[in-house]
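Each chain, letter by letter, is given below.
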Amino acid sequence: MSEEKKEKKKIVPRKNPMPAQDPKKRAGNFDEVALGYSEDQVVAEANRCLQCKNEPCRQGCPVEIDIPAFIKLAAERDFAGAIRKNKEKNALPAVCGRVCPQESQCEKVCTLGKKHEPVAIGRIERYIADWELANGLLPRETAPPTGKRVAVVGSGPAGLTCAADLARLGHKVTIFEALHVAGGVLMYGIPEFRLPKRVVQAEIASLEKLGVDIQVNSVVGKFATVDELMEKEGFDAVFIGTGAGLPYFMQIPGENACGVYSANEFLTRTNLMKAYLFPCYDTPIKAGKKVAVLGGGNVAMDSARTALRLGAEESWIVYRRSRAEMPARHEEVEHAEEEGVKFALLTSPTRILHNDDYWVTGMECLRYELGEPDASGRRSPVPIEGSEFVMEVDTVVVAIGQGPNPLVPRTTSGLEVTRKGNIVADRETGATSKPGVYAGGDVVTGAATVILAMGAGKTAAKSIHSYLTGQS
Amino acid sequence: MYKILKKEVLAPALHLFEIGAPRIAAKALAGQFVILRIHEEGERIPLTVADFDRQEGTITCVFQEVGKTTRQLGVLKEGDSIMDFVGPLGVPSHIENYGRVACVGGGVGVAPVHPVARALKKAGNEVIGIIGARTKELLFWEDKMRAACTELRVTTDDGSYVRKGFVTDVLKEVIEEKGRIDLCLAIGPLPMMRAVCDLTKKYGIRTVVSLNSIMVDGTGMCGCCRVTVNGEMKFACVDGPEFDGHGVDFAEMARRSVIYREQERQAVEVYGESACRCGCGGGRQ
Ligand SMILES: Cc1cc2nc3c(=O)[nH]c(=O)nc-3n(C[C@H](O)[C@H](O)[C@H](O)COP(=O)(O)OP(=O)(O)OC[C@H]3O[C@@H](n4cnc5c(N)ncnc54)[C@H](O)[C@@H]3O)c2cc1C
Ligand SMILES: Cc1cc2nc3c(=O)[nH]c(=O)nc-3n(C[C@H](O)[C@H](O)[C@H](O)COP(=O)(O)OP(=O)(O)OC[C@H]3O[C@@H](n4cnc5c(N)ncnc54)[C@H](O)[C@@H]3O)c2cc1C
Ligand code: SF4
Ligand code: SF4
Ligand code: FES
C-alpha cells in the first residue's frame, strides 16, 4: 500500500461480521460455529488496519507477531506472504485465530479500537492459516542438524511450540504424549464446534514435516522418568509442558453421584472419544435433560454448549459471581446465550442431591451478593443467609478449574514446585531448578491460555538452544 | 500398533493375550494396569498386567468378554494388532515381608492376583492362595498360582471341581485354621471383594482390594474413576487401583460401575448387527 493511499484511508468503524451458523441450527450439531471470512471479506477487514508505526497491537500479542506486516500482505492478497510472516512467530495460527482471547490481547490495544471496533486480527489470522492448510503447507527452512536431542513432555500448545522452534534450529526433538493423540487441551478439551480437530491435526502434521517425532501413549513418570530420559536415553535437555489437567471438585456432599462429571471428563468423552457419535464410536456419555454447569470460564461455556448439543433441554451456567466477573471470552458467552444456555448468576451449590440409585436429582443452592471490594479490588461474593433453594437437575458438570498433574513433578529428582504443585520456572528463560530441564505453559502458570502456553514454549526453546549450543 | 504375539483361550469367553510392548514391559510391576484402544472408534479400556516378560518385551493380559470392547478383543487373533496400548499405569502393589498373606482371586481376578502373589512370596511371605470360579470350566491358572504361592486352595461355586463354596468360605477356614493372617489381598468381582472385606473386618485383618472403576484416560485427568476411601475422594487410576478394602464405599462404587449399563447394552446390540449404517465411518470391526 503506498503512503499516499494510506493518507486517504477512510475509517471503517465496525468489524466485518463473522459468518456463523444459525444459533438454532448449530445448537443441534457439532459443526464449527464461526464459518470464517471469504477472500473479499478478509481483504476488506485487512484494509481497515491503519498500519500504525508504533504497532500497539504487536505488544498486545504475547508472542509479538508482526501484526501490521501480515495484515498488509493479506490486504494485498499475498496470503502466502502473510502466513509466512505470521508463522515467523506463531506455530499454530489456525488455532490462535480461533481461540485466542483477542479482546484482551492484540485487539484490546488496537488503535482503531479506541474509538471504533478494533481490527479483527484473529479472524484475519484464521483466514491466512486456513488458506495455507487448504493450499498445501509452505516449505519451511530448518537449520542443519546439531546432533542434540531434546525430549518434550506433553503435546499441548506449549510442547508443540517448543518442539517446532527447536526442530527449526536443527535439534532432534521427540514429543512424549500420554494420550493416544497429540494436541493436549486442543484435542480433548476445546470442542469440535469451536476448534475442529482436523485443523489441530493439520497444524501438528506441519510439525512432523519439520522432523519432530511424536510418541503417543507415552506417560512420562510411568514408562520412563525425566531423569531416565536424560541419563539412560541420552536426551540432552527436557521441556515439560504437561498442562493443568487435574480436575478440581467442589468438595461438597454428593459429588460422586452418578450424573456428576468433571468438565474434563465431560469434554474428553465428547471431543477426544467422540461420544456424540455413539454408538458408531464406542465411548458413551450421558447428558441428561437438565444440566447444570458449575463455573464461569471458557471450560464452563464449552461444557454448557456441549450439553445442548448432546440433547439437553436446559443447560445452565451456575456461577458464584456476576456476569461482569465471568472469565470466559466474551464471544463464547454471547454464543452460549444465543444458543439458549441459561445463567444462574450469584448462585452456588452446597450439596448435590441424589436418589437411592445414586443418580443426581438436584442441587441445593445458596444465593450470593457482591460484598465490599477486597484487597485486590475485586468484590467477593457473600452468601445470603436463608436463601437456600433447590435446583432440579439430572446432570452436574463441575468446571471450577484444574491444577497441575503431579505425576512428572513427583517422579523427577530435584524439581522445585510451588505449594499448589506448579513447577517453578524462570519467567525469562523457562529454566527449572534442575539443570537441562525447562518447563512452561499451564503446568507453570496454572490454567491460562493457548497463546501464553505457546509463548512459554517459545521462550524455553530459545534458552534450550543456548544451553545446548553453549551460548548464554 | 501393538502386536498380539500369543493368544490362548483359557475358558469360554476368557482369553489371554501376550502383547508386544517393550517399553511397558521394561517397567511394569505387579498391581499395575494398561489401557488399550483397539481401533480408531474404540473405547479406552483398562486391563491389569497379569504378567510381563522384560526380556521378550511382552505384557500378558487376561480378559473376560463382558461387553462390546472385550468381545471385539476376543475376536482378534495372533498376529493382529491393537492400535493403542499405554502403561504401566497405577501404583504398583506394595511388596514387603508381612509374614503370612492370603491372596484371594475370584473369576478373572485370578490373573491380576498372580503377579502380586509371586512377588509377595519372593519377598519372603508365606503366601496362601485361594482361587475360585463359578464352575470348573471357568477356572484357570491353577498351575501358575500353585507355583506362585506357598499353598493353594481351590473352590467352585457349584462344586464341579475340588469343592463347593465361595472363596470367602475357604478364606474363613484358612483364618480359623492358621490363627493369624497378616495381610489379605482380594481381587475379583465387586460383590466378592466386598464379601471378603466384610469377613476380614471381623477378624481385624488388613485387606487390600484392587478397584476396577470405569476409566477414560488413566492418568488422573478426568476424575471418572473416583471412589470414596475412608471418606476421601480418590482417583483409582493414579491413587490406586489398590486401596484399603475396609475403607472403600462399595455401595457407591457398585452404582458408579453401572452408569452406562443402558448404552453398554445398546453397543452390544449394534455390534451384533455389524457395521454402522449412519455413514459416519464408525462401528468398524
Ligand atoms: C475446555 C477448555 C477450553 C479452553 N478454551 C480456551 C480458549 O478459548 N482460548 C484460550 O486461549 N485458552 C483456552 N483454554 C486454555 C488452554 O487450552 C490452555 O491454557 C492450554 O492448552 C495450555 O497448554 P499447555 O501446553 O500448557 O498444556 P495442555 O494443553 O494441557 O497439554 C498438556 C499435554 O501434556 C500431556 N501430559 C500430561 N502429563 C503427561 C505425562 N506425564 N507424560 C506425557 N504427557 C503428559 C497431556 O495429556 C496433554 O496432552 C481452554 C481450556 C479448556 C480445558
Ligand atoms: C484397573 C482395572 C483393571 C482391570 N483389569 C481387568 C482384567 O485384567 N481383566 C478383565 O477382564 N477386566 C479387567 N477390568 C475390567 C475391564 O476394563 C472391563 O471389563 C472392560 O472395560 C469392559 O468393556 P466392554 O466394552 O467389553 O464392556 P462394557 O459393556 O463397556 O461394560 C461391561 C462392564 O465393564 C465395566 N466397564 C465399562 N467400561 C469400563 C472402563 N472404561 N473401565 C473399567 N470398567 C469398565 C462396566 O462397569 C460394566 O459393568 C479392569 C478394570 C480396571 C479399572
Ligand atoms: S496469536 Fe492471539 S494475540 Fe497474537 S495476534 Fe494472533 S490472535 Fe492476537
Ligand atoms: S493497532 Fe490496529 S490498526 Fe494499528 S496496526 Fe495494529 S491492527 Fe492495525
Ligand atoms: S481415569 Fe481419568 S482420572 Fe482416572
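Residues numbered from 1 in each chain as written. Chains lettered and ligands numbered in written order. Predicted model: local features only at pLDDT ≥ 70, side-chain atom pairs only at ≥ 80, totals over all residues. Heavy atoms only, no water.

A word on the overall build of chain B
Item 1. The helix and strand tally for chain B stands at 9 helices and 16 strands.
Item 2. Relative to the compact-globule value of 19 Å for 285 residues, chain B shows a C-alpha radius of gyration of 19 Å, a close match.
Item 3. Here the C-alpha coordinates of chain B stretch approximately 65 × 40 × 40 Å along the principal axes.
Item 4. In chain B, which comprises 285 residues, the proportion classed as buried is 56%.
Item 5. With the model as given, the accessible surface of chain B reaches about 11700 Å², and the carbon-plus-sulfur share is 49%. (Helix = DSSP H or I, 4+ residues; strand = E, 2+ residues; numbered from the N terminus. Rg over C-alpha atoms; globule rule 2.2 N^0.38 Å. Buried < 20%, exposed > 50% of the residue type's maximum accessible area, 1.4 Å probe, protein only. Areas by Shrake-Rupley, 256 points an atom, 1.4 Å probe, with all protein chains shown as cover.)

Looking at the site of ligand 2
All names here are of chain B.
Item 1. Taken together, 22 residues surround ligand 2, and among them P46, T48, V62, T70 and S257 come closest.
Item 2. Residue P46 places a main-chain N or O atom 2.6 Å away from an oxygen atom belonging to ligand 2.
Item 3. Measuring from an oxygen atom of ligand 2, one finds a backbone N or O atom of Q64 at 2.9 Å.
Item 4. About the coverage of ligand 2: the protein hides 88% of its 850 Å² of free accessible area.
Item 5. Of all the elements in the fold, those that place two or more residues in the shell around ligand 2 are β4 (45–48), β6 (58–64) and α2 (68–75).
Item 6. It is β4 that contributes the most residues to the shell around ligand 2, 4 residues altogether.
Item 7. Across the shell around ligand 2, the residue classes tally to 10 nonpolar, 8 polar and 4 charged.
Item 8. Looking at which domains feed residues into the shell around ligand 2, each of domain 1 (2–89) and domain 2 (100–257) gives three or more. (Near = heavy atom within 4 Å. Polar contact = N/O pair within 3.5 Å; in protein donor to acceptor, adjacent residues only side chain to side chain. Nonpolar A, V, L, I, M, F, W, Y, C, P; charged D, E, K, R; others polar. Domains from an automatic or database assignment.)

Some thoughts on the site of ligand 4
Item 1. Taken together, the residues surrounding ligand 4 are C49, L50, Q51, C52, P56, C57, P68, C110, T111, V119 and I121 of chain A.
Item 2. Here the shell around ligand 4 is composed, by residue class, of 9 nonpolar, 2 polar and no charged.

Points about the interface of chain A and chain B
Many descriptions give the size of an interface as the accessible area lost when the pieces come together.
Item 1. Facing the 44 residues of chain A at the interface are 54 residues of chain B.
Item 2. Each partner contributes to the roughly 4100 Å² buried at the junction of chain A and chain B, and carbon and sulfur atoms together form 55% of this total.
Item 3. Of all residues in chain A, the largest losses of buried area upon contact with chain B belong to K222, N256 and D282 of chain A, amounting jointly to 18% of the total for that side.
Item 4. Linking chain A to chain B there are 5 salt bridges.
Item 5. Of the charged contacts in the structure, one is a salt bridge between E228 of chain A and K27 of chain B, with a shortest N-O distance of 2.7 Å. (Contact = heavy atoms within 4.5 Å. Buried area = accessible area lost by both parts, 1.4 Å probe. Salt bridge = Lys/Arg side-chain N within 4 Å of Asp/Glu carboxyl O.)

Side note on the domain arrangement of chain B
All names here are of chain B.
Item 1. Once the domains are mapped, chain B shows domain 1 (2–89) and domain 2 (100–257).
Item 2. Each side of the interface is counted separately: domain 1 has 21 residues, and domain 2 has 19 residues.
Item 3. Taken together, domain 1 and domain 2 are joined by 2 salt bridges.
Item 4. Counting across the interface, domain 1 meets domain 2 through 4 residue pairs in polar contact (both at pLDDT 80 or more).

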